[in-house]
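Observations on the model geometry
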Amino acid sequence: MGKLDGKVAFITGAARGQGRATALAMATEGANIACFDICRNLSYPSYDLAGVEDMERTVAEIKALGREALAFYGDVRSFAEIKAAVDETIETLGGIDIVVNNAGIAGIAPSHELTEEEWDTMLDINLKGVWHGCKAVIPHMIRKQSGRIISTSSVNGVKGLPYSLHYSCAKWGVVGLTKTLAQELAPYNIIVNCISPGTCDTQMVAGLAREAGLEYAEAARQFSSGHLIAGLVPPEAVAAAVLWLASEDSRFVTGHNLMVDAGWSCT
Ligand SMILES: NC(=O)c1ccc[n+]([C@@H]2O[C@H](COP(=O)([O-])OP(=O)(O)OC[C@H]3O[C@@H](n4cnc5c(N)ncnc54)[C@H](O)[C@@H]3O)[C@@H](O)[C@H]2O)c1
């Protein structure tokens, strides 16, 4: 018996990286999955976001596990696009039990050189997009009197790190959003948590490495130099933490920020 048998999870940024790993971990435990991802590039960040082929791979891998998978192409900055996908998921898969607000971008720059457009894009995707995911599904979860909301913050959401001011501000915001919603929604049996990965082995880090003009191995070494446990965090390790927060095993945990940061935030 799977830990999520019969459950439906709606995951943003599911086409690749931590989102895909989470989708596959949840499907392995019995959940049907709605995948939401932009699957096109934006003018910012400069690195490539997921493509349609990434989404197709995620969907095929979920289906190969014997679960249902829906693909939605949309931008978390648009409440209308998330709401439409949430509504169609509820209609097609019979409800939503778990939302994972994972979609995000990153960028590196001296704080005073950030443009207003870069600041706005970062805050709109990494913080407002998380609120959109919550706002779209909360009425449904209140009606059901149950639900799990798990959002992705970062070690940068608890620890000031230079050259990522806008990212850090958005990720601190995700922690604040989580602790506020946990209180508002507990009376409806809705559990709200977030996770904070350290430097994780995904295309995001590869993209930042290219921006910094570094070979991936060197970037990985530099970007994870604060980890107490050596190396990059594998996306599967983050997925395992998200899975736990979605499962019955964590039913007395709410308003928590689970650090999957190889110990970085201790320092
Ligand atoms: N990689 C790291 O080191 C690291 C560390 C801490 C936190 N995080 C966070 O983890 C989450 C997942 O990142 P990842 O490491 O898997 O990187 P990733 O770039 O591989 O995945 C991010 C996904 O989000 C999607 N996305 C981006 N903007 C979107 C938008 N506007 N609307 C819909 N989808 C959008 C991308 O297409 C991509 O599939 C992000 O929130 C990121 O900030 C990453």
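Residues numbered from 1 in each chain as written. Predicted model: local features only at pLDDT ≥ 70, side-chain atom pairs only at ≥ 80, totals over all residues.

Short version of the rule: UniProt positions are given in the numbering used here, feature names are shortened, and annotations may be inferred rather than shown by experiment.
Under the UniProt heading Sequence similarities (unreviewed entry), the entry covering the protein chain gives this text: "Belongs to the short-chain dehydrogenases/reductases (SDR) family."

**Some details on the overall build of the protein chain**
What counts here: Helix numbering and strand numbering both begin at the N terminus, where a helix is a DSSP run of H or I of at least 4 residues and a strand a DSSP run of E of at least 2. Computation of the radius of gyration draws on C-alpha atoms alone. For the globule rule, the value is 2.2 Å times the number of residues to the power 0.38. Here a residue counts as buried when 20 or more other C-beta atoms sit within 10 Å of its C-beta, as exposed when there are 12 or fewer, and as partly exposed otherwise, the C-beta atoms being derived from the backbone. We call two residues in contact when the distance between their C-beta atoms, placed using the backbone, is within 7 Å.
If you tally the helices and strands in the protein chain, you get eight helices and seven strands. Relative to its length of 267 residues, the protein chain is compact, with a C-alpha radius of gyration of 17 Å against a globular reference of 18 Å. Each principal axis of the C-alpha atoms in the protein chain carries an extent, and together these give about 45 × 40 × 35 Å. Residue burial in the protein chain is summarised as follows: out of 267 residues, 48% are buried. Of the contacts formed within the protein chain by residues at least 6 apart in sequence, a portion of 75% connects residues at least 24 apart.

**Some remarks on the packing of helix H6 (residues 203–212) against helix H7 (residues 216–223)**
What counts here: Under this scheme, a helix contributes an axis fitted over its contacting stretch, all axes are lines through C-alpha atoms, and angles between N-to-C directions fall in the 0 to 180 degree range. Between 65 and 115 degrees an angle is taken as roughly perpendicular, under 35 as roughly parallel, over 145 as roughly antiparallel, and anywhere else as oblique. The classification used treats Ala, Val, Leu, Ile, Met, Phe, Trp, Tyr, Cys and Pro as nonpolar, Asp, Glu, Lys and Arg as charged, and all other residues, Gly among them, as polar.
The interhelical angle for the contact between H6 and H7, taken along N-to-C directions, is 105 degrees, at an axis separation of 9 Å. Taken together, the axes of H6 and H7 lie roughly perpendicular to each other. From H6, Val205, Ala206, Leu208, Ala209 and Ala212 reach across to H7, where they touch Tyr216, Ala219, Ala220 and Phe223. Considered class by class, the residues forming the contact of H6 with H7 number nine nonpolar, no polar and no charged.

**With respect to the site of the ligand**
Our working definition: Here, nearness means that the C-beta atom of a residue, built from backbone geometry, sits within 6 Å of the molecule or strand in question.
In the vicinity of the ligand, 30 residues are found, and the nearest of them are Gly13, Gly17, Ala50, Gly104 and Met204. When contributions to the shell around the ligand are tallied by element, the ones reaching two or more residues are helix H1 (17–28), helix H4 (116–144) and H6. When its residues are assigned to classes, the shell around the ligand shows 13 nonpolar, 13 polar and four charged.

**Thoughts on unusual backbone geometry**
Here the amide bond leading from Tyr44 into Pro45 is cis, since omega sits at 10 degrees, within 30 degrees of zero. Position of Pro45 relative to the elements: it lies in the loop between strand E2 (32–37) and helix H2 (52–64). Here the phi dihedral of Asn189 falls at roughly 65 degrees; this positive angle occurs in a residue that is not glycine. Residue classification places Asn189 among the partly exposed positions, given that 13 C-beta atoms sit within 10 Å.

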